[in-house]
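# Chains, contacts and geometry: an overview
Given next are the chains, with one letter for each unit.
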Amino acid sequence: MTILNFWPFVPLKPVNHLAMDIFAGTGSSRIGNALYGYRRMNRIKVPVIITSKIEIDEYRNIPKGNKFVVSRDGNGKDREKGEEMVSLRGHEIKSFIVDLLQEHDLKTIFGFCTGSGGTSSKLIPWLLPELRIDGYVDNATIFAIMPNISDGHELLSNAMNFLEEMALLLDNKKIDSLVLIENGRVVNNDSSDYSKTNLAIARCLEIIGRSLLPDSNGRVALDPSDAKKLIFSKSSMLTMGYANLKMGRKHSDSLITGYISDLTRRVITNNWAGAEIESNCKRAYFVLRADPRYLSSNNLEIMAKVAKELLHNASVTISDYAVPRSKIIEVAGIFVGIQTDIWSRYKQLVPDDQTQEAEDNCSARIALGIDEKQEEAEHET
């Protein structure tokens, strides 16, 4: 395992963007607006919003020139309408994105979408492979926000079809990675008010992203080559986790250590894809965000110890993000190499949906819970 401790942090003036973030449709656009409410994020990546005319002005944290209107009212969770929109306007959107990529000299792209959506669940899976095949980007990752179990037949059915399409993209190497975030597992949200969900996802992304910026000595917590291994993995499937604790006025060192240990456990066990990461995770990266007085070597070692106890097959890296006088302790994590039963859980509530024909040796279908592992299937027969 690796422990990295680089504070105090003083950002350098030059802006060297690492990638572009594309947020398509209502759900992911709201996450993008929350994420880029943290001004320092504009030093890390270039944000783009692609959504309907009636809501485009809501996203005030995104520069006007980085917004694209796809239609007046959007596609209303209708994937057929989303596919028609891609057919009519896809190449116009692609040209818009290519111009921004070339303006900022970027070769890495992150596409955010809602797996149950109309606009985003069709646009992002089409757009990223197009950009990659044509050589405009070298690395492409899709962040997929998945619906709650309680969201109803239509949205769960959309999400199941979306996941099957993602399996084909992964196994045909048309995208590099898929990051799954399940709405219902973020801050235990089982309602239609996703403001807390959006904020939790934004906090996790901001903390991890901030850790990749240089400190006052020009060092970064995670070497760029290690960051590439973490995000663009042959494992293809990733998920994230986040937990926080608001501090009181006085706490003993031992109590703080206990809090950090508990937060680390929560980040692992409450990961957002419902994945069995304890046995499947290959690499994990954790960041502790807190006041500098809590970022002791002992606390970082405790995090590493907890992580290794739970992720016994993983290579673990621990880093920190110092914020003087912060009243909150936060832990964010990203996990590479997962398997999840998310598709099969949706299937239990949408039994009439037809499963798409699978290609031979489609490993991503197994990782997503669409197909059973071969040995399990043989055992049942």
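Everything numeric here is computed off the predicted structure, so don't read it as measured data.

The rules we used
Residues numbered from 1 in each chain as written. Predicted model: local features only at pLDDT ≥ 70, side-chain atom pairs only at ≥ 80, totals over all residues. Heavy atoms only, no water. Helix = DSSP H or I, 4+ residues; strand = E, 2+ residues; numbered from the N terminus. Buried < 20%, exposed > 50% of the residue type's maximum accessible area, 1.4 Å probe, protein only. Contact = heavy atoms within 4.5 Å. Areas by Shrake-Rupley, 256 points an atom, 1.4 Å probe, with all protein chains shown as cover. Expected span 1.5 Å × (residues − 1). Arc of directions from axis to C-beta. Pairing = 2+ DSSP bridges. Right-handed = clockwise from strand over helix to strand, strands pointing away. Phe/Tyr/Trp six-rings, centres within 6.5 Å; stacked < 30°, edge-to-face > 60°. Axes fitted to C-alpha atoms, helices over the stretch in contact; angles between N-to-C directions. Parallel < 35°, antiparallel > 145°, perpendicular 65-115°, else oblique. Nonpolar A, V, L, I, M, F, W, Y, C, P; charged D, E, K, R; others polar.

## As for the overall build of the protein
Scanning the protein from N- to C-terminus turns up twelve helices and eleven strands. Relative to its full complement of 381 residues, the protein shows a buried share of 55%. For the protein, long-range pairs separated by at least 24 residues make up 80% of all intrachain contacts whose partners lie at least 6 apart in sequence. About 17,300 Å² of surface is accessible on the protein, with carbon and sulfur atoms providing 47% of the total.

## Details of the environment of Ser-29
Structurally, Ser-29 can be placed in helix H1 (residues 25-35). With a relative accessible area of 0%, Ser-29 lands in the buried category. Each C-alpha atom, one on Ser-29 and one on Glu-58, is 9.4 Å from the other, the two residues being 29 residues apart in sequence. Residues within four places of Ser-29 in sequence aside, it is in contact with Phe-23, Ala-24, Ile-49, Ile-50, Thr-51 and Tyr-59.

## Considerations on helix H9 (residues 297-310)
Across its 14 residues, H9 extends 20 Å between first and last C-alpha, which sits within 8% of the 20 Å expected from 1.5 Å per residue. Burial in H9 covers these residues: Asn-299, Leu-300, Met-303, Ala-304, Val-306, Ala-307 and Leu-310. Taken down its axis, H9 places every buried residue within 165° of arc, on the same side.

## Examining helix H10 (residues 342-349)
For H10, the set of buried residues is Ile-342, Trp-343, Arg-345 and Tyr-346. For H10, the angular spread of buried residues about the axis comes to 165°, placing them on one side. Tucked inside the fold, the buried residues of H10 contact strand S6 (139-146), helix H4 (153-171) and strand S7 (177-182).

## Things to note about the pairing of strand S2 (residues 19-24)
Side-chain direction in a regular strand flips from residue to residue, so the side chains alternate between the two faces of the sheet. The buried count for S2 comes to six of six residues, which makes it a mostly enclosed element. Side chains Ala-19, Asp-21 and Phe-23 project from S2 onto one buried face, and the interleaved Met-20, Ile-22 and Ala-24 project onto a second face that is buried too. Relative to strand S3 (residues 45-51), S2 runs parallel, the two being bridged by six bridges. Bridge assignment links Asp-21 to a residue of S3, and that residue is Pro-47. This β-α-β element, S2 to H1 to S3, shows right-handed connectivity.

## Regarding the packing of aromatic side chains
The tally for this structure, following the rule as stated, stands at six aromatic pairs. Note on Phe-68 and Phe-96: the rings are 5.3 Å apart at their centroids and 50° apart in plane angle, and the pair reads as tilted. Of this pair, Phe-68 sits in strand S4 (residues 67-69) while Phe-96 sits in helix H2 (residues 79-103), placing them 28 residues apart in sequence. Comparing Phe-68 with Phe-96, the two get one shared label, buried. Taken together, a centroid distance of 5.6 Å and an interplanar angle of 75° make the contact between Phe-286 and Phe-335 edge-to-face. Of this pair, Phe-286 sits in strand S9 (residues 283-290) while Phe-335 sits in strand S11 (residues 328-336), and the two are 49 residues apart along the sequence. Judged by its relative accessible area of 0%, Phe-286 is buried.

## Details of the pairing of S7
Among the six residues in S7, six count as buried, and that is most of the element. Side-chain alternation along S7 places Ser-177, Val-179 and Ile-181 on one buried face and Leu-178, Leu-180 and Glu-182 on a second face that is also buried. Bridge analysis of S6 against S7 gives six bridges, and the strand direction is parallel. Note that in S7 the partner of Ile-142 across the bridge is Leu-178. Two elements, S7 and strand S8 (residues 237-246), share three bridges in a ladder whose sense is parallel. Looking at S8, one finds that Leu-180 is bridged to Thr-239.

## Section: the packing of helix H3 (residues 120-133) against H4
Between H3 and H4, the shortest axis-to-axis distance is 11 Å and the interhelical angle comes to 5°. It follows from the interaxial angle that H3 and H4 lie roughly parallel. Of the residues in H4, those in contact with Ser-121, Lys-122, Pro-125 and Pro-129 of H3 are Phe-162, Glu-165, Met-166 and Leu-169. In the contact of H3 with H4, the residues fall into five nonpolar, one polar and two charged.

Structural measurements only, silent on function.
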